[in-house]
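# Secondary and tertiary structure notes
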Amino acid sequence: MTTQTLPYTTPQAVPYQRYVPKLAVALGAALLLAWTVFPFLWILLTSLKSSADIISVPPKFVFTPTFDNYAALVMGEQRGQYSSTRPDFPLFFLNSMIISLGAVALSVLAGIPAAYALARFTFPFKDALGFVLMSFRFVPFIAFVIPLYLLYQRFGLYNTHTGLILAYQLITLPFTIWMLRSFFQEVPIEIQEAAKIDGCSWLGVLMRVILPLSLPGIAVTVILGFMFSWNAFNYPLMLAGRQTFPVTVGAIQFISYEQVLWGQMAAATIVAAVPQLLLSLMVQKYIVRGLTMGAVK
Amino acid sequence: MTLQPRRHWRREEYLPYLLLAPALILLAGMVYPFALGLYYSFTSYWLQYPNRFRFVWFDNYLGLLEEPLFARALGFTLGFTLVAVVLQVGLGLAVALFLHARIPGRAVLRALMLLPLMMPPVITALMWKIMMASTNAGILNYILSFFGVDPVNWFGSMEGAIVSVLIIDTWGNLPFVSLILLGALQALPAEPYEAARVDGAGTVAMLRYVTLPLLSPFIVLAVMFRTMDSLRIFDVIYATTLGGPNDATTNLQIMAYQYSFQWYQMGKGMAQAIVLLLIVVMVSWLLMRLWNRAAESTS
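From a predicted model like this one, the values you see are computed outputs, not experimental measurements.

Quick look at the overall build of chain A now. Counting its regular elements, chain A contains 16 helices and 0 strands. Expressed as a percentage of its 297 residues, the buried residues of chain A come to 45%. In chain A, of all internal contacts separated by at least 6 residues, the share reaching a separation of at least 24 is 74%.

So this is what it looks like as structure tokens:
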């Protein structure tokens, strides 16, 4: 009877869990854990194996770890027996950094005023404009990349960081505007009105009220935008060359016609994943919001 | 007081457009190529034979009807999307309900589920490619051997390739559905449950008549995002099967890629891309209507 006199606190107390035997729950949790984590563990193990250990039957769980695969990655093209065909992974990593940071910086610079306009002004075609921006999230990339490839070839943007940063705006800019808009809208309108009464112009409102108050939101947007740029694969696959490949395109270079360099590919996937894993722990509360462009908070 | 001979734009009127200008200019730079591509889809643009360039009206589109690969790619695109969405939303709902019950280590599981979600899809594909090696050294076949499953030819057989792509895509995107629905579950109001309990509803009845209806807008949202992404899946297929074997995993995006970047038939490739775009637009319009209806019925 006590439960009925207390106010209902959490909706978590759904009764079905009471009937599920504990063993089944533990089994389910273990299964979910294994499904989520085992691929990472196995690739980490693979990356620490010698090439003989990788192809051993049955697969080895215990072996002498070696850092040869990582060393080969870091050495890049200069050394090693297949020196001419070996992917230059440090360069790819640097390219990913340059392109992702550049794309996010450009998107934030252009996105802040645009998000401000969409969050705090009313004007004709506002909803239509917002919808057009949202629709970029759903566009098949191939419809853009074919003409971009032809134009880039003609105007010297093919295989350049600038060209890639511009193409990445298709990914980062609509996302940045929608995310920033949703953060800007959370700033109480009363503060903005008070600032206006104190004589702030539209610029003053933006610089002194909106931006300082939504700084955490801007940080989240920057980090998520960086992660989406880091994940990008299809635009650079068509628009980049060996000098500008990011890690995503670089990692598939370990599959050649002669052989697949499994160990190095495993090491490359680990290196390509590390920034994502670290950053996703930093912004874990906002990832779903980011992936749905602010639709789910 | 001076009379104004003509209407002046006041600053409040043009300011929003001024603020939007940098973003719009950047996007216009991307929309222009698309318009150009749309034009190319009506031409016989073949990169290696520039002399054959001419305007062919709807030939590229009509030609698709006679192209056997197009029917297969269209079928795979739609079929894969249907199976992937049902599988991922179904399993995602199950995982969300499971985690919503007070499971020990829920916070840890929830944080760990973010990791597959934020991995580059192509890297996810390569990870699974290593695990799905068809030789006996492949860890997945090794694990399955304990359950009496004969070694699976993951990427070499047509069925194996389709299942592989499905598994890899599900691994990366199941957390997306689970996390949306788990977040929604945790924000559900308590009153309907109280009322149902007073009415003597059992576990199953509560799930069926309280939880699922309240959850429906979020389920539709998850379906919408997963549908849009599954229709356009490219990275995973490119890194694992490249559309093979025997075109078993060729969807419209892979087909358009092959036409334009392997055979350099830009006009035909672009026509296929536009067809895919139209499908995406139509499906998203339908799902948006469904979402509006679901959101209205619960609010």
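The discussion continues.
Okay, the domain arrangement of chain A next. Size of an interface, as often reported, equals the accessible area lost when the parts are brought together. All names here are of chain A. Parsing chain A into structural domains produces domain 1 (13-75) and domain 2 (89-291). Using only C-alpha atoms to locate each centre, domain 1 and domain 2 end up separated by 31 Å. Contact with domain 1, which involves 12 residues of that partner, is made by 11 residues of domain 2. Elements supplying a minimum of two residues to the side of domain 1 that touches domain 2: helix H3 (22-47), helix H4 (51-54) and helix H5 (68-75). Per-element accounting of the side of domain 1 that touches domain 2 gives the leading share, 5 residues, to H5. Looking at the side of domain 1 that touches domain 2, its residues break down into 7 nonpolar, 4 polar and 1 charged.

A word on H5(A). Residues and elements named next belong to chain A. Those residues of H5 that sit buried are Asn-69, Ala-72 and Leu-73. The arc that holds every buried residue of H5, seen down its axis, measures 100°, which confines them to one face. The inward-facing, buried residues of H5 contact H3, helix H6 (89-120) and helix H15 (262-282).

Of all hydrophobic cores here, the largest spans 168 residues; its most connected members are Val145(A), Tyr168(A), Leu239(A), Ala251(A), Leu126(B), Ile180(B) and Leu181(B). Broken down by element, this core gets its largest block of residues, 15 residues, from helix H9 (residues 161-184) of chain A. Two domains each donate at least three residues to this core, and these are domain 1 (13-75) and domain 2 (89-291) of chain A. Sequence-distant contacts of Ile180(B), defined by excluding residues within four places in its chain, comprise Val288(A), Val296(A), Phe218(B), Leu221(B) and Ala222(B).

How each quantity is defined
- Residues numbered from 1 in each chain as written.
- Chains lettered and ligands numbered in written order.
- Predicted model: local features only at pLDDT ≥ 70, side-chain atom pairs only at ≥ 80, totals over all residues.
- Helix = DSSP H or I, 4+ residues; strand = E, 2+ residues; numbered from the N terminus.
- Buried ≥ 20, exposed ≤ 12 C-beta atoms within 10 Å, placed from the backbone.
- Contact = placed C-beta atoms within 7 Å.
- Domains from an automatic or database assignment.
- Nonpolar A, V, L, I, M, F, W, Y, C, P; charged D, E, K, R; others polar.
- Arc of directions from axis to C-beta.
- Core = buried A, V, L, I, M, F, W, Y, C linked by C-beta atoms within 7 Å.

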